[in-house]
Amino acid sequence: MADARPAPAFARTARAIGIAWFALVVLMLASLGSAWLKLGAFNVVAGLVIAAIKAAIVAWLFMRLREAGPLIRLVAVIGVGVWFILIGLSGVDYETRALTPAALQRPQQLLPVQAAPQPR
């Protein structure tokens, strides 16, 4: 007769996935709640922090970084580092651009189109 209890590895994995799902749902609700609060500039900060935590949960559990070797983890950290460098360079580019408005041409009234003469 087979044992009715699940294997310990499966039980651990199922528990971890259940906890991650619950955490992601709570973080989604926190993101929704923070969008309704008037926090000024901290709305963006709260949104980015919540998004980073959700991304870390997904990477750690669902991309199996917790089981990966040190080389794979290093590559993941380097990827995040390159992403931060690109965000920083984009921010520097945005902040150092001149804010000169584009040339504006005032609208002009067009003359009415002359009707073509009717053939006889």
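Our subject is the structure listed above.
Just so it is clear, the structure is predicted and the values come from calculations on it, not from any experiment.

Enquirer: Sorry, what's going on with the layout of surface pockets here?
Expert: If a probe as big as a water molecule is rolled over the atoms, it shows which places are left empty. Of the volumes computed, that of the largest pocket is approximately 270 Å³. Lining the largest pocket are Ala55, Ala56, Ala59, Trp60, Met63, Leu65, Ile72, Arg73, Ala76, Val77 and Val80. For the lining of the largest pocket, the secondary structure elements donating two or more residues are α2 (42-62) and α3 (70-96). Counting residues per element, the lining of the largest pocket draws most heavily on α3, at five residues. When grouped by side-chain class, the residues that make up the lining of the largest pocket number 10 nonpolar, no polar and one charged. Approximately 230 Å³ is the volume found for the second largest pocket. What lines the second largest pocket is Leu48, Val49, Ala51, Ala52, Ala55, Val80, Trp83 and Phe84. Split by residue class, the lining of the second largest pocket holds eight nonpolar, no polar and no charged.

Rules used throughout
Residue indices begin from 1 for each chain and proceed along its sequence in written order. Note on the predicted model: pLDDT of at least 70 is required for a residue's local features to be given, and 80 or more for side-chain atom pairs to be given and counted; whole-chain, interface and lining totals, by contrast, use all residues. To get the side-chain values, all heavy atoms of the structure are used, and hydrogens and water are removed first. In this analysis, the protein atoms alone were mapped onto a 1 Å grid. Cavities are point sets where a 1.4 Å probe fits without being able to get out; pockets are open sets with protein on both sides within 12 Å along at least five of seven lines; lining residues have an atom within 4 Å of a point. Grid points are joined across faces, edges and corners, and a volume is the space filled by probe spheres set on the points. Note on conventions: DSSP H or I runs of at least 4 residues are helices, E runs of at least 2 residues are strands, and numbering of each starts at the N terminus. Amino acid classes used here: Ala, Val, Leu, Ile, Met, Phe, Trp, Tyr, Cys and Pro are nonpolar; Asp, Glu, Lys and Arg are charged; the rest, including Gly, are polar.

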